Amino acid sequence: MRLTKYTHACVRLEKPLRGPSGAADGGSHHVLVIDPGNLSEVEEALEGAEAFLVTHEHADHVDIQRAAAALESNPRLEAWAPEGVAVQLRVAAPSAASRVHRAEPNTEFEAAGFRIQTFGSQHALIHPLVPVVANVGYLVDGEVFHPGDSFTVPHGLEVGTLLVPIHAPWNKIGEVVDFIIAVRARRAFPIHNALLNSLGTGLVEGHAKRIGQTYGTEYTHLEPGESVEL
């Protein structure tokens, strides 16, 4: 599987399309995107995608108009999102309404040839005066976990690759590090970092790398557009 990071919280996952014999099918790939938000390169991320997942309704995780345009222009593209987001996408992309599905916690389904498991139910608390919205974390093929805006730990599973919300109005460094420790993934990469400058990135990721390594997690920085093979 190849993981490509885009600006902020958006990632693209690709794996070879397999024929009946199990062999790779002529260089074709399944493509799944998570959280094509308004701080990300939405069109680039969704190019050729078969499906995208949305963790929650905030605009930095889903750009409704641009995601809807992709749905209407690509008849193969499907979407999964919490119901509030799904309703918005169906309204914005009426011709694709049947391809927009509701995502709920503690379920399993297949999207773009990937096996998806869902965890968590709500966004992390920003402030008591800021309403809490639904948030669904996605584990893809038992390997990559995207928590959205939460520190939800997928229960009863070993996670290979953790996407870590490094900086947000709802977190602090200690909580970020505790999340890495709790999940104990083999490797971790940053998401949700568009609002950090280089000084802040170095500070937060330094702790994530040093302490994560102590607990068996190799934390690696990725720049927007950079890809890794998992």
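Before reading further, recall that the structure is shown in the block above.
None of the values given here were measured: they were computed from a predicted structure.

Here is what the cut-offs are and how they apply
Residues numbered from 1 in each chain as written. Predicted model: local features only at pLDDT ≥ 70, side-chain atom pairs only at ≥ 80, totals over all residues. Heavy atoms only, no water. Helix = DSSP H or I, 4+ residues; strand = E, 2+ residues; numbered from the N terminus. Rg over C-alpha atoms; globule rule 2.2 N^0.38 Å. Buried < 20%, exposed > 50% of the residue type's maximum accessible area, 1.4 Å probe, protein only. Contact = heavy atoms within 4.5 Å. Areas by Shrake-Rupley, 256 points an atom, 1.4 Å probe, with all protein chains shown as cover. Expected span 1.5 Å × (residues − 1). Polar contact = N/O pair within 3.5 Å; in protein donor to acceptor, adjacent residues only side chain to side chain. Pairing = 2+ DSSP bridges. Axes fitted to C-alpha atoms, helices over the stretch in contact; angles between N-to-C directions. Parallel < 35°, antiparallel > 145°, perpendicular 65-115°, else oblique. Left-handed = near helix turned anticlockwise from the far one by under 90°. Nonpolar A, V, L, I, M, F, W, Y, C, P; charged D, E, K, R; others polar. Core = buried A, V, L, I, M, F, W, Y, C linked by side-chain atoms within 4.5 Å. Phe/Tyr/Trp six-rings, centres within 6.5 Å; stacked < 30°, edge-to-face > 60°. Lys NZ or Arg CZ within 6 Å of the ring centre and 35° of its normal.

A. Local environment of the overall build of the protein chain. Regarding its fold elements, the protein chain presents 5 helices and 14 strands. For 230 residues, the compact-globule estimate of 2.2 N^0.38 gives 17 Å, and the protein chain sits close to it at 17 Å. Dimensions of the protein chain along its principal axes, counting C-alpha atoms only, are 50 × 45 × 35 Å. The buried share of the protein chain, taken over its 230 residues, is 51%. In the protein chain, of all internal contacts separated by at least 6 residues, the share reaching a separation of at least 24 is 57%. When the accessible area of the protein chain is evaluated, it comes to approximately 10,100 Å², of which 52% is carbon and sulfur surface.

B. Helix H5 (residues 198-214), seen in detail. In this model, H5 (17 residues) spans 24 Å end to end at C-alpha, consistent with the 24 Å of a helix rising 1.5 Å per residue. Within H5 the residues assigned to the buried category are Gly 200, Thr 201, Val 204, Glu 205, Ala 208 and Gly 212. Buried positions along H5 lie against helix H4 (173-183), strand S12 (187-191) and strand S13 (218-219). If you check the start of H5, you find a side-chain oxygen 3.1 Å away from the backbone N of Leu 199, and it comes from Asn 197. Trailing H5 by a residue or two, Gly 216 shows a phi angle of about 90°, which is positive.

C. Structural context of the side chain of Thr 152. Position of Thr 152 relative to the elements: it lies in the loop between strand S10 (144-146) and strand S11 (161-165). For Thr 152, the side chain forms a polar contact with the side chain of Ser 150, separated by 3.1 Å. Contact partners of Thr 152, with chain neighbours within four places excluded, come to Phe 119, Gly 120, Phe 145 and Phe 179.

D. Structural view of the sheet that holds S10. Ordered by their spatial adjacency, 7 strands build an open sheet running S7-S8-S9-S10-S11-S12-S13, and the pairing between neighbours is mixed. On the outer flanks of this sheet lie strand S7 (108-111) and S13, each paired with one strand and no other. Of the strand pairs in this sheet, S11 and S12 are connected by 5 bridges, and their pairing is parallel. Each residue of the ladder has a partner; that of Leu 163, found in S12, is Phe 189.

E. Region of the structure containing the packing of H4 against H5. Their axes nearest at 10 Å, the elements H4 and H5 cross at an angle of 30°. In this view, H4 runs roughly parallel relative to H5, as classed from their interaxial angle. The interaxial crossing formed by H4 with H5 has right-handed handedness. Here H4 contributes Ile 173, Val 177, Ile 180 and Ile 181 to the contact with H5, which in turn contributes Leu 203, Val 204, His 207, Ala 208, Ile 211 and Gly 212. Residue composition of the contact of H4 with H5, by class: 8 nonpolar, 2 polar and no charged.

F. Looking closely at the nonpolar core. Of all hydrophobic cores here, the largest spans 25 residues; its most connected members are Val 33, Leu 46, Phe 52, Leu 71, Val 85 and Leu 89. Only strand S3 (24-34), helix H1 (42-46), helix H2 (64-73), strand S5 (78-81) and helix H3 (83-92) provide two or more residues apiece to this core. It is H2 that provides the largest number of residues to this core, a total of 5 residues. Aside from chain neighbours lying at most four places away, what touches Val 85 is Val 54, His 56, Glu 57, Val 62 and Ile 64. Of all hydrophobic cores here, the second largest spans 23 residues; its members include Ile 34, Leu 53, Trp 80 and Ala 111.

G. Structural detail: the packing of aromatic side chains. Applying the stated criterion across every chain, the model contains 4 aromatic pairs. Taken together, a centroid distance of 5.0 Å and an interplanar angle of 10° make the contact between Trp 80 and Phe 109 stacked. Remark: Phe 109 occurs in strand S7 and Trp 80 occurs in strand S5; sequence separation between them is 29 residues. Each member of the pair, Trp 80 together with Phe 109, is buried. Taken together, Phe 151, Trp 170 and Phe 179 form an aromatic cluster joined through their ring pairs. The residue whose ring lies beneath Lys 15 is Phe 114, and the NZ or CZ to ring-centre distance is 4.6 Å.

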